[in-house]
Each structure stands twice: as C-alpha cells, then as structure tokens.
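Chains, contacts and geometry: an overview
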Amino acid sequence: MKVLVAEDDIASGKFMEKLLSKYGEVVLARDGIAAVDEFVNAVNNNEKFDLVCMDIMMPKIDGYKALASIRDAERKLGLARDSRCKVVMISALDEGFDSNYASDDYEEYMCKPIDIIKFDEIIKKLGLV
C-alpha cells in the first residue's frame, strides 16, 4: 500500500508515518499544496496512492481544497470512482469538521489524537489490508 500523509504538524506527521509504515510506503507532505503536488506526481509516474490521510487545517491551502484538487486530478485522468484513492480526513477539532466542504469525496473522518485501534479498523474496513 502507498500512503500520502498531509500533515503540517511535525509530531503528528511522524506519528502517522510510524503508524502507517507497517502497511507500506508512506510519503509526508507538510502543507496542502505539497500534498496535491505529491499526489499528481505519483499519478503521472503510475505510482498511485492507495490512501490519503488529509489534515484539514494546513498552511497554503487547507485539506478541503487539497482534497478537491486531488479528486479533480483523478477525474481528469478518467479514474473510475471505485478505483480512486481512499481518503481519511483528520482534524484536531472535532466540531471543526464540515462534511459539506468535503461532500462525498472522502471515506472516513477522524479527530486527533488518533486512536490506533480505530484507525486500524478503518484501514481494514476500506479494504486496504
């Protein structure tokens, strides 16, 4: 499995990298623009991400806009809905998540701090392991 973690907080990024490295390759992006760039570069090199863990509050562009750009890139490439990457939206503020901004473009939402057991259950539920 190939995972993109978009997280501006260094400690949270390292935690996610350690948590997800047992499943495969993990790429860290420190802001929304870097996340979109990593995603598009991977797709252009036929190295599609299976999972994107998207922090919502990030510099440059937030997680909602980064997710919209990622889904737009998938549509432009003609990827069918069932073959696109899975997305878990993550926020430090439970009440700060607005599903209207993300519409149906994500699969799951988690609030920080990340519950390791719950996150593993989500990975299994999404059929990634």
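In what follows, the structure referred to is the one given above.
Presented here is a report on the structure given in the accompanying data block. Small disclaimer: the values here were computed from a predicted structure and weren't measured.

1. Re helix H3 (residues 63-76)
The end-to-end C-alpha distance of H3 is 20 Å, a good match for the 20 Å that 14 residues give at a rise of 1.5 Å each. All of the buried residues along H3 are Gly 63, Tyr 64, Ala 66, Leu 67, Ile 70, Arg 71, Ala 73 and Glu 74. Its side-chain oxygen placed 3.1 Å from the backbone nitrogen of Tyr 64, Asp 62 serves as the N-cap of H3. Looking one or two places after H3, you find Gly 78, whose phi comes out positive at around 75°.

2. A few points about the nonpolar core
Ranked by size, the top nonpolar core spans 23 residues in total, and within it Leu 4, Phe 39, Val 52, Met 54, Val 87 and Met 89 carry the most contacts. Contributing elements (two or more residues each) for this core: strand E1 (2-6), strand E2 (25-29), helix H2 (32-44), strand E3 (51-55), H3 and strand E4 (86-91). Looking at this core element by element, the count peaks at five residues for H2. Once residues within four sequence positions are removed from consideration, Leu 4 is found in contact with Val 27, Ala 29, Ala 35, Glu 38, Phe 39, Phe 49, Leu 51, Val 52 and Cys 53. In terms of nonpolar packing, the next biggest core, distinct from the first, is built from 18 residues, Val 3, Met 16, Cys 53 and Ile 90 among them.

3. Topic: the pairing of E2
As defined by bridge partners, E1 adjoins E2 across five bridges and the pair is classed as parallel. Each residue of the ladder has a partner; that of Lys 2, found in E2, is Glu 25. Regarding the hand of the β-α-β motif, the stretch spanning E1, helix H1 (residues 10-20) and E2 is right-handed.

4. Some remarks on the state of the cysteines
Summed over all chains, the structure comprises zero disulfides. As a non-bridged cysteine, Cys 53 has Cys 85 as the owner of its nearest cysteine sulfur, 10 Å distant. Relative accessible area serves as the criterion here: at 1%, Cys 53 is assigned to the buried category.

5. A word on unusual backbone geometry
A cis amide bond links Lys 112 to the next residue, Pro 113, at an omega of 0°. With a phi angle near 55°, Asn 46 is a residue other than glycine that sits in the positive phi range. One can find Asn 46 in the loop between H2 and E3. The backbone of Lys 60 sits at a positive phi, close to 75°, despite the residue not being glycine. Along the chain, Lys 60 turns up in the loop between E3 and H3.

Conventions we followed
Residues numbered from 1 in each chain as written. Predicted model: local features only at pLDDT ≥ 70, side-chain atom pairs only at ≥ 80, totals over all residues. Heavy atoms only, no water. Helix = DSSP H or I, 4+ residues; strand = E, 2+ residues; numbered from the N terminus. Expected span 1.5 Å × (residues − 1). Buried < 20%, exposed > 50% of the residue type's maximum accessible area, 1.4 Å probe, protein only. Polar contact = N/O pair within 3.5 Å; in protein donor to acceptor, adjacent residues only side chain to side chain. Core = buried A, V, L, I, M, F, W, Y, C linked by side-chain atoms within 4.5 Å. Contact = heavy atoms within 4.5 Å. Pairing = 2+ DSSP bridges. Right-handed = clockwise from strand over helix to strand, strands pointing away. Disulfide = S-S within 2.5 Å.

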